[in-house]
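As a plain string of letters, each chain reads:
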Amino acid sequence: MAGSPETAPPALELRDLTVTFTGAAHESPAVRGVDLVIRRGETFVLLGESGSGKSVTARAVMGLLDQPGVRVGMTSALLGGRDLLAMPERERRLLRGSAMTLVFQDALSALNPVLSVGDQIGELFRVHRGLSRGAARAEAVRLLELVGIPAAAERVRAYPHQLSGGMRQRILIAMAVALEPDLLIADEPTTALDVTVQAQVLRLLDRLRRELGTAVLLITHDLGVAAEIADRVAVMYAGRIVETAPVEELYDRPAHPYTEALLSAIPDLERPAADLRSIPGAPPAPGAVGAGCAFAPRCPRATALCAELRPELGEVPGMPGRTVACHHAKEALDAVRD
Ligand code: ADP
Ligand code: MG
């Protein structure tokens, strides 16, 4: 892990994030009170089934949901110790895109089709750093080299459609690290790529994290991806985090029955694209979560208590650095695994 003093503020510290979609006839809560503390230089994976609220969380953090029909709340948001809620909107907007960046799954639609990749990367340096055209172009070439694009001096003139999916994803990553952000959020960055290219892109993210000390929030539904590069993992279910743990501990001894179910549905973690779709049942619709635990209807460990009282996310006794939201965590932790 990239070393920095324990005393340095985390790359991101977010408290009690809620996101509710208000456009439809009834309000639809998508994120229901999420805390995220991401340390400098670590890879933090947000793992969950499709629809659990991962992308909405990422977009809320990036400030991309400040629009009609969406209500976003949070009690605190610190980026590298800077208070995002206290600063003027203009200042916050400048940080988003420089100190905090987002890489999407779909590289083709995220790039501008009518600008060469050199002009797109260069523009970041011209806008944020006031560099001349020539100096910005030189930075673009340097970044293409950094993300492992061969013949960077020529490729810098290419347009997005002239490049493969893997190359385009590298260019998005180059743009995301260009201004040396505190935090890079990558939302399913490899889902659209074939398996070999996926592995290359993950290795690239991991190398940049180490070399630049950038914290990475990697969003995925793929347990294999999480196992490969995570330092810590948060498991998300129906808009809440239900468990956080260092990656080895999570995989060795899950504390939440949902995590248990995910892991037991996977025959082989080494198999790429190991998927979360194989647990019986389906997650609840956003509006259909009752007073109890949202996972209770699918949970083999559920009791009457689980249907009535939602377990709060709290520390796992005797396991520093781990949290879980389950009345039966001790049973899950004590279960014998093979
Ligand atoms: P994930 O990324 O984990 O697959 P999302 O964060 O995209 O899930 O979605 C979480 C929930 O929010 C889903 O139920 C989804 O239908 C809902 N949602 C996402 N975007 C919108 C929107 N623009 N309007 C209404 N509901 C939305
Ligand atoms: Mg998503």
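Please read all numbers here as calculations on a predicted model, not as lab measurements.

### Thoughts on the packing of aromatic side chains
Working step 1: Enumeration over the complete set of coordinates arrives at three aromatic pairs.
Working step 2: Between Y237 and F295 the ring centres are 5.2 Å apart and the planes differ by 80°, which places this aromatic pair in the edge-to-face class. Of this pair, Y237 sits in strand 10 (residues 232-237) while F295 sits in the loop between helix 11 (257-264) and helix 12 (304-308), and the two are 58 residues apart along the sequence. The pair Y237 / F295 is uniform in exposure class, with both members buried.

### Side note on the pattern of salt bridges
Working step 1: All chains considered together, the criterion is met by 20 salt bridges.
Working step 2: The salt bridge involving D206 is made with R210; its shortest N-O contact spans 3.9 Å. With D206 and R210 both in helix 8 (residues 195-212) and four residues apart, this pair spans about one turn of that helix.
Working step 3: One connected set of salt bridges, linked through shared partners, spans E13, R15 and D35.

### Looking at the site of ligand 1
Working step 1: Lining the immediate environment of ligand 1, one finds 11 residues, of which G51, G53, K54, S55 and V56 sit closest.
Working step 2: Between ligand 1 and the protein, one listed contact pairs an oxygen atom with a backbone N or O atom of G51 at 2.7 Å.
Working step 3: Interatomic distance of 2.8 Å between a side-chain N/O atom of K54 and an oxygen atom of ligand 1.
Working step 4: Here ligand 1 has 560 Å² of accessible area as a free molecule, and 63% of this is covered by the chains.
Working step 5: Counting residues per element, the shell around ligand 1 draws most heavily on helix 1 (residues 54-61), which supplies three residues.
Working step 6: Classifying every residue of the shell around ligand 1 by side-chain character gives four nonpolar, five polar and two charged.

### Things to note about the pairing of strand 10
Strand residues, when the strand is regular, have side chains that alternate between the two faces of the sheet.
Working step 1: Counting buried positions over the six residues of strand 10 gives six, a clear majority of the element.
Working step 2: Along strand 10, one buried face is formed by R232, A234 and M236 and the opposite face, lined by V233, V235 and Y237, is buried too.
Working step 3: Pairing of strand 10 with strand 11 (residues 240-246) involves six bridges; the strand directions are antiparallel. Looking at strand 11, one finds that V233 is bridged to A245.
Working step 4: Remark: two residues form the turn of the hairpin made by strand 10 and strand 11, two consecutive strands paired antiparallel; A238 in that turn has positive phi of roughly 50°.

### Examining the nonpolar core
Working step 1: Ranked by internal contacts, the top residues of the largest apolar core, which has 67 residues, are I121, I171 and L218.
Working step 2: With eight residues, helix 7 (residues 165-177) is the single largest residue contributor to this core.
Working step 3: Discounting residues that sit within four places of it in the chain, I121 has contacts with A140, L143, L144, I171, A174 and M175.

### Quick word on helix 1
Working step 1: Among the eight residues that make up helix 1, six are buried, leaving the element largely enclosed by the rest of the structure.
Working step 2: Buried within helix 1 we find K54, V56, T57, A58, A60 and V61.
Working step 3: Of the residues flanking the end of helix 1, it is G63, one or two places downstream, whose phi is positive at about 80°.

### Comments concerning the side chain of Q198
Working step 1: As for its position among the elements, Q198 is in helix 8.
Working step 2: In this view, Q198 contacts T190, T191 and L193; residues no more than four positions away in its chain are not counted.

### Here we look at the packing of helix 7 against helix 8
Working step 1: The N-to-C vectors of helix 7 and helix 8 enclose an angle of 15°; their axes lie 10 Å apart at closest approach. As far as their axial angle goes, helix 8 and helix 7 are roughly parallel. Here the hand of the crossing between helix 7 and helix 8 comes out right-handed. When helix 7 is examined against helix 8, the residues G166, Q169, R170, I173 and V177 are found in contact with a partner set consisting of V197, Q200, V201, L204, L205, L208 and L212.
Working step 2: In terms of residue class, the contact of helix 7 with helix 8 is made up of eight nonpolar, three polar and one charged.

Quick notes on the rules
- Residues numbered from 1 in each chain as written.
- Chains lettered and ligands numbered in written order.
- Predicted model: local features only at pLDDT ≥ 70, side-chain atom pairs only at ≥ 80, totals over all residues.
- Heavy atoms only, no water.
- Phe/Tyr/Trp six-rings, centres within 6.5 Å; stacked < 30°, edge-to-face > 60°.
- Helix = DSSP H or I, 4+ residues; strand = E, 2+ residues; numbered from the N terminus.
- Buried < 20%, exposed > 50% of the residue type's maximum accessible area, 1.4 Å probe, protein only.
- Salt bridge = Lys/Arg side-chain N within 4 Å of Asp/Glu carboxyl O.
- Near = heavy atom within 4 Å.
- Polar contact = N/O pair within 3.5 Å; in protein donor to acceptor, adjacent residues only side chain to side chain.
- Areas by Shrake-Rupley, 256 points an atom, 1.4 Å probe, with all protein chains shown as cover.
- Nonpolar A, V, L, I, M, F, W, Y, C, P; charged D, E, K, R; others polar.
- Pairing = 2+ DSSP bridges.
- Core = buried A, V, L, I, M, F, W, Y, C linked by side-chain atoms within 4.5 Å.
- Contact = heavy atoms within 4.5 Å.
- Axes fitted to C-alpha atoms, helices over the stretch in contact; angles between N-to-C directions.
- Parallel < 35°, antiparallel > 145°, perpendicular 65-115°, else oblique.
- Left-handed = near helix turned anticlockwise from the far one by under 90°.

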